[in-house]
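Topology and contacts: notes
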Amino acid sequence: MAVVADTGPSAGTDAAVLAEAGRRRTFAIISHPDAGKTTLTEKFLLFAGAVTEAGAVKARAGQRRVRSDWMALEQQRGISITSTVLQFTYRDHVVNLLDTPGHRDFSEDTYRVLTAVDAAVMVLDAAKGIEAQTRKLFEVCRAQRLPVLTFLNKYDRPGRDPLELMDEIESQIGLRPTPVTWPVGEPGDFRGVVDRRTGELVRFPRTAHGATVSAEERVAPDRAAVEEGTAWAQALEGCALLDEVGATYDEPSFLAGESSPLFVGSALTNFGVGHLLDAVVDLAPSAAPRPDSSGAPRPLDGGFSGFVFKIQANMNPAHRDHVAFVRICSGRFERGSSPVHAATGRPFATKYASAMFGAERATIDVAYPGDVVGLVNASELRIGDTLYLDDAVQYPPLVTFAPELFARMRNRDSSRAKQFRRGLERLEQEGTVQVLSDPDGDPTPVLGAVGAMQFEVAAHRMTHEFGAAVDIEPTSYTTARKTNAETARMLRSVPGTRILARADGTLLALFESPFRLARLAGDNPSWVLDPLVGDVADAG
Ligand code: G4P
């Protein structure tokens, strides 16, 4: 009898890896400080049963500050430099929530996290709408075509008209909101939401305080009409308008990062949080095969592969500690395996792989596409580096972002020139700051950053880790554009601009204000002045 080769859909595939990858959702929350990211994160954990009482995340953060002997700078400033990867299960899915550090610890790491997720949740304060930091982070999402879910938060208190907010989202960031839930009641007199999928009212419990998850009250439309009167009628009018303009959930445009399912709620009182978390599981995609540097996608069930998107160095001064955070793209990661470090061709030992919950490490033994593992003692690894097993793969380098702050770094002691050079090179490779130099002029390096804390971290590490004390001198430049040699030649004679080069040779033109840049670009349309990822300098 002839043996028939197995050519079915599962031929040659690793079903277990595909199933594990398929039940993962890896996302980040983008928001402006105070919009409610921490509160929402905490409520996600509460809904998923990962914490039993609201307040646990903040309490944990407090404990950590007391206990931790991490970087002195972190303690002095009382801020968290370390980004958090939270993993929890919800409805048989494994959810990885990657933190995007905000407030004063906003840095390129905040942007880089967005290169390691499959979707983002954009949280807006319903009284404020789109704010500066949301816009910057959204630009990074757009550059990656990330699907974005929108949460209009703080609906329990007076806010803006929802139609006006929708217009603002569309006109300011070019994302088309498609409300899945729609508010009932005027801002300040919130009654709940219409679930547009079922037509029911989901009632806002007025006495809710949000410490625990309470059952959701769903009210049929007929009863809602009686009980909520005009508020219900107005909400239905709003929904009819949404139907008319086609503002309804649309999977292809959501997955392409063009439209965004919108949910209305109040993280503080838990309202709407369940809808959003369900949407993360039901609508947001799981990991897709990641294209390698030639553009060919690596099958999810191929050999293990991943890339480094964040490096946390020198957290513990007692032992020069380097943790590289690796986003897994394919295959099954097993602690103790020795994947190849694509940049050097050498094996990398993963004996000390860990998962992070806040600052607390737990050893991780197995992980799948979508997961993030922290590799300890990873001083050879650099931002963007690829690790793999089996078939060789090299992922493209991570994008570099538009710096908005520029400062000169001066070596205090010329006898430490070697340490200074070595330290600077290292900080650049680890992505702590961007290091720019003037190919023809002042040899003092200029550092580029998106958040001031990057300079502080750089100065701290130069002094304490590399033994070269430095001074940081701010400059008045605020905007950078990618340019070419020809335009650079013209710009050198323009006052108030400066031409600097990145280590990879890319030329950047620096300007003191976006208006000056806009004028020069307007007057000289043939000049090459290309925006960089994350650049929103001209937005109002
Ligand atoms: P962030 O991480 O985005 O910076 O925001 P965070 O969650 O810390 O929330 C900022 C403030 O907004 C907090 O108040 C928080 O309680 C409040 N908040 C978050 N979600 C809601 C909501 O749905 N409704 C209302 N009314 N408030 C909300 P705070 O007074 O600054 O801090 P706390 O003392 O309450 O911790």
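Below: a short report on this structure. It should be emphasised that the depicted structure is a prediction, and the values quoted were computed from it without experimental measurement. (Residues numbered from 1 in each chain as written. Predicted model: local features only at pLDDT ≥ 70, side-chain atom pairs only at ≥ 80, totals over all residues. Heavy atoms only, no water.)

Describing the overall build of the protein
Applicable threshold: Secondary structure elements follow DSSP: runs of H or I no shorter than four residues count as helices, runs of E no shorter than two count as strands, and numbering proceeds from the N terminus. Here the term buried applies to any residue with accessible area under 20% of the maximum for its type, exposed to any over 50%, and partly exposed to those in between, with areas from a 1.4 Å probe on protein chains only. Working rule for contacts: check all heavy atoms of both residues, and any pair within 4.5 Å makes them a contact.
Within the protein, the secondary structure is distributed over 14 helices and 28 strands. When each of the 540 residues of the protein is scored for burial, the buried share is 54%. Within the protein, contacts between residues separated by at least 24 positions form 72% of all contacts whose residues are at least 6 apart in sequence.

Considerations on the pattern of salt bridges
Put simply, the test is: By definition, a salt bridge exists where a carboxyl oxygen of Asp or Glu is found within 4 Å of a side-chain nitrogen of Lys or Arg.
Going through the model one piece at a time under the given rule, you end up with 40 salt bridges. Taking the shortest distance from any N to any O, the salt bridge between Glu20 and Arg24 comes out at 2.7 Å. Across the pair Arg489 and Glu486 runs a salt bridge, and its minimum N-O distance is 3.8 Å. Of this pair, Arg489 and Glu486 are both found in helix H13 (residues 485-491), three residues apart, which corresponds to roughly one turn of the helix. Accessibility expressed as a relative area gives 51% for Glu486, which makes it exposed.

Looking at the nonpolar core
Rules: Remark: nonpolar core denotes a set of buried residues (Ala, Val, Leu, Ile, Met, Phe, Trp, Tyr, Cys) joined through side-chain atoms within 4.5 Å. Note that the domain bounds were set by an automatic or database domain assignment.
Counting residues in each nonpolar core, the largest one holds 64 residues, and the members touching the most others are Met122, Phe309 and Leu375. When residues of this core are assigned to domains, at least three fall in each of domain 1 (16-286) and domain 2 (291-388). Ranked by size, the runner-up nonpolar core spans 29 residues in total, among them Leu45, Ala48, Ala119 and Val123.

Considerations on the site of the ligand
Where we set the bar: Any residue with at least one heavy atom within 4 Å of a molecule or strand is counted as near it. Whenever a nitrogen or oxygen atom comes within 3.5 Å of another N or O atom, the pair is scored as a polar contact, on the condition that within protein one atom can donate a hydrogen and the other can accept it, and that pairs from neighbouring residues in sequence are kept only if both atoms are in side chains. Accessible areas in this description were obtained via Shrake-Rupley with a 1.4 Å probe; residue shielding takes into account the shown protein chains only. Residues are sorted three ways: Asp, Glu, Lys and Arg are charged, Ala, Val, Leu, Ile, Met, Phe, Trp, Tyr, Cys and Pro are nonpolar, and all the rest, Gly among them, are polar.
Neighbouring residues of the ligand: 17 residues in total, closest Asp34, Lys37, Thr38, Thr39 and Asp156. The separation between an oxygen atom of the ligand and a polar side-chain atom of Lys154 is 3.0 Å. For the ligand, whose accessible area on its own is 700 Å², the fraction buried by protein is 69%. The element that contributes the greatest number of residues to the shell around the ligand is helix H2 (residues 37-47), accounting for three residues. Across the shell around the ligand, the residue classes break down as four nonpolar, seven polar and six charged.

A closer look at the packing of aromatic side chains
Using the following cut-off: For this analysis, a ring pair means two rings from Phe, Tyr or Trp (six-membered ring only for Trp) whose centres lie within 6.5 Å, classed as stacked if their planes differ by under 30 degrees, edge-to-face if by over 60, and tilted for the remaining angles. Only when the NZ atom of a Lys or the CZ atom of an Arg is both within 6 Å of the ring centre and within 35 degrees of the ring normal do we say a charge sits over the ring.
Within the structure shown, the criterion is met by 11 aromatic pairs. Residues Phe204 and Phe271 carry aromatic rings whose centres are separated by 5.5 Å and whose planes lie at 85° to one another, so their mutual orientation is edge-to-face. Here Phe204, found in the loop between strand S9 (200-203) and strand S10 (218-219), pairs with Phe271, found in the loop between strand S11 (259-264) and helix H10 (273-282); they are 67 residues apart in sequence, far enough to count as distant. Among the residues examined, Phe204 registers a relative accessible area of 9% and is labelled buried. One aromatic cluster in this structure is built from Tyr155, Phe190, Phe204 and Phe271. When the ring centre of Tyr395 is taken as reference, the NZ or CZ atom of Arg290 above it lies at 5.9 Å.

Points about the packing of H2 against H10
Keep this limit in mind: Every angle, taken between N-to-C directions, lies between 0 and 180 degrees, and every axis is a line fitted to C-alpha atoms, over only the stretch in contact when it is a helix. By definition in this entry, angles of less than 35 degrees are roughly parallel, angles greater than 145 are roughly antiparallel, angles of 65 to 115 are roughly perpendicular, and the rest are oblique.
It is the contact of H2 with H10, at a shortest axis distance of 10 Å, that shows an interaxial angle of 80°. What the angle tells us is that H2 and H10 run roughly perpendicular. Contacts from Leu40, Lys43, Phe44 and Phe47 of H2 reach H10 at Val273, Gly274, Leu276 and Leu277. Each residue belonging to the contact of H2 with H10 can be placed in one class, and the counts come to six nonpolar, one polar and one charged.

Regarding the sheet that holds strand S26 (residues 479-483)
The condition is simple: Pairing between strands is defined by DSSP: at least two bridges between the two strands are required.
Pairing is antiparallel in the open sheet, where seven strands are placed in the order S25-S22-S24-S23-S27-S28-S26. The sheet is open, and its two borders are formed by strand S25 (470-474) and S26, each paired with just one other strand. Between one strand axis and the next, the sheet turns by 40° as a mean value, whatever way the strands run. Note: strand S23 (residues 434-437) against strand S27 (residues 497-502), two bridges, orientation antiparallel. Within S27, the residue paired with Ser437 across the bridge is Ala501. Packing against the sheet, helix H12 (residues 453-464) makes contact with strand S22 (405-411), strand S24 (446-449) and S25, and its axis sits at approximately 15° to S22.

Section: a negative patch on the surface
Threshold: Candidate patch residues must exceed 30% relative accessible area and have no salt bridge, after which like charges are joined if within 9 Å and Val, Leu, Ile, Met, Phe, Trp or Tyr side chains if within 5 Å. Charged residues are defined narrowly, with Lys and Arg counted positive, Asp and Glu counted negative, and His plus the chain ends left uncounted. By convention, the charge on Lys lies at NZ, on Arg at CZ, on Asp at CG and on Glu at CD.
Residues Asp161, Asp167, Glu170 and Glu186 make up a contiguous surface patch of negative charge. Position of Asp161 among the secondary structure elements: in the loop between strand S5 (148-153) and helix H7 (162-173).

Concerning the sheet that holds S5
A sheet is described by the order of its strands in space; here seven strands give the open sequence S2-S3-S1-S4-S5-S11-S6, paired in mixed fashion. Single-partner strands in this sheet number two, and they are strand S2 (85-90) and strand S6 (176-179). Neighbour-to-neighbour, the strand axes of this sheet turn through a mean angle of 30°, independent of strand direction. Across five bridges, the pairing between strand S1 (residues 24-31) and strand S4 (residues 119-125) is parallel. In the strand pairing of S4, Ala28 is matched with Ala120. Lying over the sheet, H10 contacts S1, S2, strand S3 (93-98), S4, S5 and S11, oriented at roughly 90° with respect to S2.

So far we have only geometry, and geometry alone does not tell us how the molecule works.
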